[in-house]
Amino acid sequence: MKASRFLIICIIIAAITSCGASTKNNSKNMSSENQTIVKFETNVGDFTVALYNETPKHKENFIKLVKEGMYDSTLFHRVIKQFMVQAGDPKSKNASDTATLGAGDVGYTIPAEFNNELFHKKGALAAARQGDEVNPEKASSGCQFYIVTGRKFTEPKLLDMENQINEQREENIFNSLAQKHMKEIYKMRKAGDNEGLLELQDTLESQASAMAMEEEPFKFTKKQIDAYTTIGGTPHLDGAYTVFGEVIEGMETIEKIENSKTGRADRPTNDIRILKATVVE
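As the structure is a prediction and not an experimental result, all values here were calculated from the model.

Student: Help me out: how do you make sense of the packing of aromatic side chains in this one?
Tutor: Where two aromatic rings form a pair, the distance of their centres and the angle of their planes describe that pair. According to the stated counting rule, one finds 14 aromatic pairs in the structure shown. For the ring pair F119 and Y228, a centre distance of 5.6 Å and an interplane angle of 65 degrees mean the geometry is edge-to-face. In this pair, F119 sits in the loop between β5 (109-110) and β6 (124-127) while Y228 sits in helix α6 (residues 222-230), placing the two residues 109 residues apart along the sequence. Across the pair, exposure class does not vary: F119 and Y228 are buried alike.

Structure, rendered in structure tokens:
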């Protein structure tokens, strides 16, 4: 652990400049009152999502963007089998066939709205975001979203994943603390002061450990375990990305998108375009 974190301190200067990043779903996570429904028409089929009332900031923003036509003509620009399909980059509307997509935004982010009852089961609608290195608050992209396809997991695998998530929490806290000492780390590296780097590392490790212990350990709920062992999903994303809705019709369209041929940067070789997004009144 010591050696690996020392390596992290040494490479974090480079890392900090990089960017982030049946047709019905019968496993409901949400309250049913006053649901907002959004229908998407694409060039490979249609699908419909319901937005959660429990994530009001994301719900309100998504409705606003749909009504403004922001998603019309955008592409599903990132597709990974047994993981997710991603869309909502405004730069994709008129992108060339060779353009690298995923960095477009609307100039603002949405504060994270985590809820243990809303998780990354198959069909979940969630907000993309930049990585923890530049976004420790885990704020969501103002426009980019993804829909989970995922895969099924066994209960022992989910237990292993719980342990990994809890270990990664402390690592993420350590990395965030290290970023706040970048100038100091840079000076010590430039001076070849390995002793100073190790001393700083010990201090940050202690702080990270104490901060991690203040948080409740991550644990999958029975509802999560039931979903991930039956319909599947992407459980390692829980508590890291905001889930704010789910597909209620047209999951076969999402599966068709998931199985499309992809090229560089996981972009489909044949454009998959959202023709029209509509709030169903």
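Still to come is the rest of the account.
Student: Teacher, can you tell me more about unusual backbone geometry here?
Tutor: Even without being glycine, S73 reaches a positive phi, approximately 80 degrees. In this structure, S73 sits in the loop between α2 (56-68) and β3 (76-80). Phi at A265 is positive, roughly 60 degrees, even though this residue is not glycine. Tracing the backbone shows A265 in the loop between α7 (251-258) and β10 (274-280). Here A265 falls in the partly exposed class, since its relative accessible area comes to 43%.

Student: I'm lost on the layout of surface pockets in this one. Help?
Tutor: Left-over empty space is what a probe sized like a water molecule reveals as it rolls over the atoms. In this structure, the largest pocket encloses a volume near 1200 Å³. If you trace the largest pocket, you find 42 residues lining it, with K138, R169, N172, G239 and A240 closest to the centre. Of the residues in the lining of the largest pocket, the class split is 14 nonpolar, 14 polar and 14 charged.

Reading the values: rules and limits
Residues numbered from 1 in each chain as written. Predicted model: local features only at pLDDT ≥ 70, side-chain atom pairs only at ≥ 80, totals over all residues. Heavy atoms only, no water. Phe/Tyr/Trp six-rings, centres within 6.5 Å; stacked < 30°, edge-to-face > 60°. Helix = DSSP H or I, 4+ residues; strand = E, 2+ residues; numbered from the N terminus. Buried < 20%, exposed > 50% of the residue type's maximum accessible area, 1.4 Å probe, protein only. 1 Å grid on protein atoms, 1.4 Å probe; cavity = no way out; pocket = protein on both sides within 12 Å on 5 of 7 lines; lining within 4 Å. Points joined across faces, edges and corners; volume = space filled by probe spheres on them. Nonpolar A, V, L, I, M, F, W, Y, C, P; charged D, E, K, R; others polar.

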